[in-house]
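# Per-entry structural report
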Amino acid sequence: MPQATYDIIIAGGGTCGCILAGRLAAADPSLSILLVEAGPTTRDDPLHTQPARYLYHLRPESTTVKFQCLGGGSSVNFTMYARASASDYDDWANVYGNKGWSSADLLPLLRKCETYQIQPGQATHGYSGPLKVSYGGFYTEAGKEFIEVAAQYDKKRGRTDDPNGLYECNKYSRWPKWIDAMTGTRSDVPHHYIFNQDLKNLHILTGYHVRRVIFDGKRATGVQYVVNPRFHPSAKPDVFTASARRSVVVSAGAFGSPAILERSGIGSKEILSRFGIKQVVDLPGVGENYQDHQVMFTPYIAAETSHTLDPIVNDNKAEIEKWTKKWRTDGSGLLANNGLDAGIKLRPLKEDLDLMGQDFRKRWLEYYAPAPDKPVLWLGTVSLFLGDRSKVSVDKCFSVGWYLQHPVSIGNVHITSKDDVESPLDFHPGFVDAVEDMAAHKWGYKRAREFARRLPSYRGEIAACHPAFAPMSKAAVGKRTTPVPVTEPDLEYTPEDDKALEEYIRQTVGTTWHSMGTCAMKKRAEGGVVDSRLNVYGTEGLKVIDMSICPGNVAANTYSTAVVIGEKGATIIAEELGIPLESQAPAAPVKVKARL
C-alpha cells in the first residue's frame, strides 16, 4: 500500500472527486492527495471513451454497473449535455440560504469547465475548458425527423439553437453532447482533469471502498478503507487506514456519501443505534431528501433504413468494426453519437394544463408559473431501444423519452450494516408517490406518443413495452406500415385507458441515475447536512462535495451540475488553503442576462 498520511483524502473518485483531485494537485505540487475509488480505472478503455457504448455499463456482467469506476457518472453516462435553469441555482442561494451558489456565482465555473464547439461567441458558454461539447459525429434520422415534425405539429413553441443557455426553455432543438467534435471521444473527467497531467502528488487507489471517516473528537483525521473483492479477488480482507493532515472530503455520491457518514457516526440517532454505531454528530438529514428525475423511454419500431445504436448495443461485430474504423479515422460515425439527437425542455401550455387536470394545477401555480425558465419535462428522441431486450423482436427501434425535471416525490436512503460496505442500502426512491408526478408522467406519455407516430421512421409501437390498452380502444398499440399524417388529430384516451396508463407508469418508471440531495446543503435546523462552504455540520476538517449536497432539484441531466459542484468545491478548498487555482473563464463576450 502507498504512504499512510496525506494532506487531503478524497473518499470517492467520481465526477466531483476527480475534479477536486485534478484541480488541487495541479495548483500546488507540494500538496499530497489520496483519492480512493471503489471501482477500476477507465484509462483509454473504448467502452468508456466511445460514447455509443454507454449501455454496456448497465449489463449485469459489467464491472461498472453501479457507476463504480474512476470518473463515476462522467465515465458511463449518456453524454447528454444539459444545464440547469438559472432559477434552479438561484433557489439554492435564495430559498435555501446558500451564499455564493446563485446562477451568477456559478456561471463563471460553468464556462470554465467547457469548450463549446457548436457555435462561437455564446455569452453563457466557455471556449477554453477541458470538457468538449458538440453534436457528436452523426445525426440520426429520428432526431432530424423530430425537429421537422415539431415545426409542423407544434407551432406555438418554436425552435432554438441553444437549449442550454440557462435563461429560457420550451423550444425545440438539436441536442448537444459531451463529445469532442475532433476526436469523437467522451468528455469524461478522468481523461480531461487527471490522465492528461503528470500529477506526481496525486495518489489514486482503485478498487477500494471507504468504510468510514476517522475522528479525533469532532475533527476528521483520516479514513478507514477496505478492498473491493470484485477488483482484487485474491486480496486479503484487511482493513487499512490513511491519515489526513488538513482535511477529508467525502465524494461518494448520493448513495455512497450518506452511507459513509452514517457508518462514521454522523446521522440520525435512530438509524445509528439500530446498528450499534456510536453517534459523533446528530444530523437526522443524512440520507434524507433523496431526489431523482424519474424517466420513461417508450419504444417504437423504426424503419429498417434508419440508423440506430441497436446493432452496437446488441454486439453486432460487423457493425462495431465498421463504425470503429470510422471513429478511429476521423472521430465521426455512430460510435461518436449517443442517439439523443433532439429534444425540448417542455412547459405545458393552457391546453396542456387542462389535460393534466387539478392534480398538477397547484404545483404549476406555486412552483412553475413564477419561474418561466423552469421546464416540467425533458422530452426527446433516443435512437435505440432502452429496456428489456427479451421483449424486442425487431432489429431497429427508437424511443421518445421524457423525465420529470422537478418531481414532488422525495425518498431516502440509509445503511443496513455497521461495517459491511457491500450490504444493500435501505432505499425508498419515492417515485410517483405524489399525484403531481403521475399527472406529469401521463402528459409525457401522451405527448411523446403523438410525436413518435408522426415521425417518418415510425412503424408502430412495441406493444409489450406500452400500456395494456383494450384492443378496441382508440389508444390501442401495435405495428404499422406508415406514420400518421402530421395533421392527424391526437389520440383520445378514455378513463379506462388512463387507468391502464397509470398502471404502466407505476410498473415502468425508472431512475435517470440523477440521484441527489441526501447530504443537503441546507440550514441544519431544516435537515441540512453541509453548509454553503460544504462543511459537515458539527465537525472540523470534513466536507461533502458531490451531487448529494444539492438542496433542490435541477432541470437537467446532472453531469453539468456535478462538474460545477466539483469546480466550486475545488475553489473553496483552494481559498481555505491559500492556494491560487487556475483562473476562471474570461469575461463573457457580451452582456449576460442575470435571470428572468
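Before any of the text, the structure's been laid out above.
A short tour of the structure in this document, coming up. None of these values were measured; they are calculated from a predicted model.

Definitions and limits used
- Counting starts from 1 at the beginning of each chain's written sequence and moves along it residue by residue.
- Restriction of local features to residues with pLDDT of at least 70 applies here, the model being predicted, together with a cutoff of 80 or more for giving and counting side-chain atom pairs; totals for whole chains, interfaces and linings are based on all residues.
- Heavy atoms throughout the structure, all of them, feed into the side-chain values; hydrogens and water do not.
- Salt bridge, as used here: a side-chain nitrogen of Lys or Arg that lies within 4 Å of a carboxyl oxygen of Asp or Glu.
- Secondary structure elements are defined from DSSP: runs of H or I of at least 4 residues count as helices, runs of E of at least 2 residues count as strands, and each element is numbered from the N terminus.
- The rule is simple: take the accessible area with a 1.4 Å probe, protein chains only, and divide by the maximum for that residue type; under 20% is buried, over 50% is exposed, in between is partly exposed.
- Each pair of strands is called paired provided DSSP finds at least two bridges between the two strands.
- Note on definitions: angles span 0 to 180 degrees between N-to-C directions of axes, and those axes are lines fitted to C-alpha atoms, for helices only across the stretch in contact.
- Handedness of a helix crossing follows the sense of rotation of the near helix relative to the far helix, less than a right angle counterclockwise being left-handed and clockwise being right-handed.
- The contact criterion used throughout is that any non-hydrogen atoms of two residues lie within 4.5 Å.
- Any residue outside Ala, Val, Leu, Ile, Met, Phe, Trp, Tyr, Cys, Pro, Asp, Glu, Lys and Arg is labelled polar, Gly included; the first ten of those are nonpolar and the last four are charged.

## Some points on the pattern of salt bridges
The final tally for this structure, using the stated rule, is 34 salt bridges. Two residues, aspartate 154 and arginine 157, come together in a salt bridge whose shortest N-O distance is 2.7 Å. Close ionic contact of arginine 533 with glutamate 575 constitutes a salt bridge, the shortest N to O distance being 3.2 Å. Of this pair, arginine 533 sits in the loop between α15 (495-508) and β19 (542-544) while glutamate 575 sits in helix α16 (residues 559-577); the two residues are 42 residues apart in sequence, bridging distant segments of the chain. The exposure class assigned to arginine 533 is partly exposed, which follows from its relative accessible area of 32%.

## A look at the pairing of strand β8 (residues 219-227)
Most of β8 is tucked away, with 7 of its 9 residues classed as buried. Pairing between strand β7 (residues 208-216) and β8: 8 bridges, direction antiparallel. Its bridge partner lying in β8, isoleucine 214 is registered against glycine 222. A loop of 2 residues connects β7 with β8, the two strands running antiparallel in sequence, and glycine 217 in this loop sits at a positive phi of about 70 degrees. Looking at chain direction, β8 and strand β9 (residues 239-250) are connected through 5 bridges and run antiparallel. Bridging across to β9, valine 223 finds its partner in alanine 242.

## Quick notes on the packing of helix α1 (residues 15-27) against α16
With their axes 8 Å apart at the nearest point, α1 and α16 run at an angle of 40 degrees to one another. For the pair α1 and α16, the sense of crossing is right-handed. Of the residues in α16, those in contact with Thr15, Cys16, Ile19, Leu20, Arg23 and Leu24 of α1 are Tyr559, Ala562, Val563, Ile565, Gly566, Glu567, Gly569, Ala570, Ile573 and Ala574. Partitioned by chemical class, the residues of the contact of α1 with α16 number 11 nonpolar, 3 polar and 2 charged.

## Considering the sheet that holds strand β5 (residues 172-174)
Within the open sheet, the 6 strands sit side by side as β5-β13-β14-β15-β12-β18. Their pairing is antiparallel. Every interior strand has two partners, whereas the edge strands, β5 and β18 (458-461), have only one. Adjacent strand axes in the sheet meet at a mean angle of 25 degrees when their direction is disregarded. Direction of pairing for strand β12 (residues 295-302) relative to β18: antiparallel, over a ladder of 2 bridges. Each residue of the ladder has a partner; that of tyrosine 300, found in β18, is glutamate 461. The sheet strands contacting helix α14 (residues 435-452) are β5, β12, β13 (342-346), β14 (377-382), β15 (397-404) and β18, and the helix crosses β15 at an angle near 150 degrees.

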